[in-house]
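# Structural characterization, general
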Amino acid sequence: MDTPSVIGITLGDANGIGPEISLKAAHARWPAGTRIVLVGSPSAARREASRCGRPAPPAWEPGGAPPARKVTCWDPSPRLAPRHHPGRITAAASGAAHAWITAAIDACMEGHLDAMVTAPITKEGFAKAGIDFPGHTELLAERTRTRRFAMMLFGGPLRVVLATRHVPLRDVADALTPAGVREAVTLTHEGLPWLRLRRRLQGRLWSLRSRRGLGRGRRGRHHAGRPPCPEGGQAPAHAGPHAARRAGGVLREPAARRAGGPVSYTHLTLPTIILPC
């Protein structure tokens, strides 16, 4: 008999929606034999189970036999036990969320969990708790000693890799660099086979097109000049929202060609992303 896959779901901030959506996700449809471990406060898991009409998940500890039940709960930091203050941002809740995330990462690295899913945290709470990470991505990278990493978003058939993370929209244009865009393209090309996407893909590069200051013919600070692109690339001039399609600007970047390029450079009112499609 095959060993069941064991997936950990961290509860996130106990004062937010994390415990609720984690419990609902745990009881969703999974492949047969999958075991879900809620990583966090048992009291939060029991509270949400009672509210949602679900059985309270029994306790489980890594290092022994795989969970016998579909949904169990593991509290790696029982001494923290943050008090429940719905809707409040507290250092205690964020400190506990951080401890649950790092414990789940370590359990994956040690082979006790096969994968992990994270529920929402609050960056303001992390700052209150003195935790110097803007989000899960950077924390995962640091804990696993990963030097090259990116955030990938999933939505239907789309796989979107961000070239900027945790940056206010007004600062995105200044945060973009040729090296950062090139790295996003390269990581997309390297990462897609891990997701069993081995067919030849065509990538598309979307960029920020600021509309600030366009009234009465004036051009905003971020709108002047050409959009950032890797060295040797071409980018269409700013001549309206469909200029890129008309001009057919193309980035002749080696990484883009390896990923099945060329990569179209299209203006959107979004932060720059890499979109394999």
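The structure under discussion appears in the preceding block.
Residues numbered from 1 in each chain as written. Predicted model: local features only at pLDDT ≥ 70, side-chain atom pairs only at ≥ 80, totals over all residues. Heavy atoms only, no water.

### Re the pattern of salt bridges
Evaluation of the coordinates by the stated rule reveals seven salt bridges. We note a salt bridge from Arg51 to Glu20, for which the minimum N-O separation is 3.2 Å. Separated by 31 residues along the polypeptide, Arg51 in helix α2 (residues 42-52) and Glu20 in helix α1 (residues 18-26) bring together distant segments of the chain. For Arg51, a relative accessible area of 52% puts it in the exposed group. With relative accessibility at 24%, the residue Glu20 sits in the partly exposed group. Across the pair Glu183 and Arg148 runs a salt bridge whose closest N-O atoms are separated by 2.8 Å. Separated by 35 residues along the polypeptide, Glu183 in helix α7 (residues 178-191) and Arg148 in the loop between α5 (136-143) and β5 (152-155) bring together distant segments of the chain. Taken together, the salt bridges that share partners define one network made up of Glu20, Lys24, Glu48 and Arg51. (Salt bridge = Lys/Arg side-chain N within 4 Å of Asp/Glu carboxyl O. Helix = DSSP H or I, 4+ residues; strand = E, 2+ residues; numbered from the N terminus. Buried < 20%, exposed > 50% of the residue type's maximum accessible area, 1.4 Å probe, protein only.)

### Concerning unusual backbone geometry
With phi around 40°, Ala81 is a residue other than glycine that occupies positive phi space. Secondary-structure assignment places Ala81 in the loop between β3 (71-74) and α3 (91-109). At Arg145, a position not held by glycine, the phi torsion is positive, near 55°. Along the chain, Arg145 falls in the loop between α5 and β5.

### Side note on the packing of α3 against α5
In the contact formed by α3 and α5, the axes pass within 10 Å of each other and the chain directions differ by 45°. In this view, α3 runs oblique relative to α5, as classed from their interaxial angle. You can see that α3 and α5 cross each other, and the crossing is right-handed. Only His136, Leu139, Leu140 and Arg143 of α5 make contact with α3, whose side of the interface consists of His98, Ile101, Thr102, Ile105 and Asp106. Its residues assigned to classes, the contact of α3 with α5 comprises four nonpolar, three polar and two charged. (Axes fitted to C-alpha atoms, helices over the stretch in contact; angles between N-to-C directions. Parallel < 35°, antiparallel > 145°, perpendicular 65-115°, else oblique. Left-handed = near helix turned anticlockwise from the far one by under 90°. Contact = heavy atoms within 4.5 Å. Nonpolar A, V, L, I, M, F, W, Y, C, P; charged D, E, K, R; others polar.)

### Considerations on the packing of α1 against α2
The N-to-C vectors of α1 and α2 enclose an angle of 65°; their axes lie 9 Å apart at closest approach. Accordingly, the angle class assigned to the pair α1 and α2 is roughly perpendicular. Considering how the two elements wind past one another, α1 and α2 form a crossing that is right-handed. Contacts between α1 and α2 involve Pro19, Glu20, Leu23 and Lys24 from the former and Ala44, Glu48, Ala49, Arg51 and Cys52 from the latter. Split into classes, the residues belonging to the contact of α1 with α2 amount to five nonpolar, no polar and four charged.

### Looking at α3
Under the 1.5 Å per step criterion, the end-to-end length of α3 is 27 Å for 19 residues, consistent within 8% with the ideal 27 Å. Three or more residues of α3 are buried, namely Ala93, Ser94, Ala96, Ala97, Ala99, Trp100, Ile101, Thr102, Ala103, Ala104, Ile105 and Ala107. Tucked inside the fold, the buried residues of α3 contact β1 (6-10), β2 (35-39), β3, β4 (115-118), α4 (123-128) and α5. Phi turns positive one or two residues past the end of α3, at Gly111, with a value near 90°. (Expected span 1.5 Å × (residues − 1).)

### With respect to the side chain of His136
Here His136 is to be found in helix α5. Every residue in contact with His136, bar those within four places of it in the chain, is listed here: Ile101, Thr118, Ala119 and Ile121.

In short, shape yes, function no, at least from these values alone.
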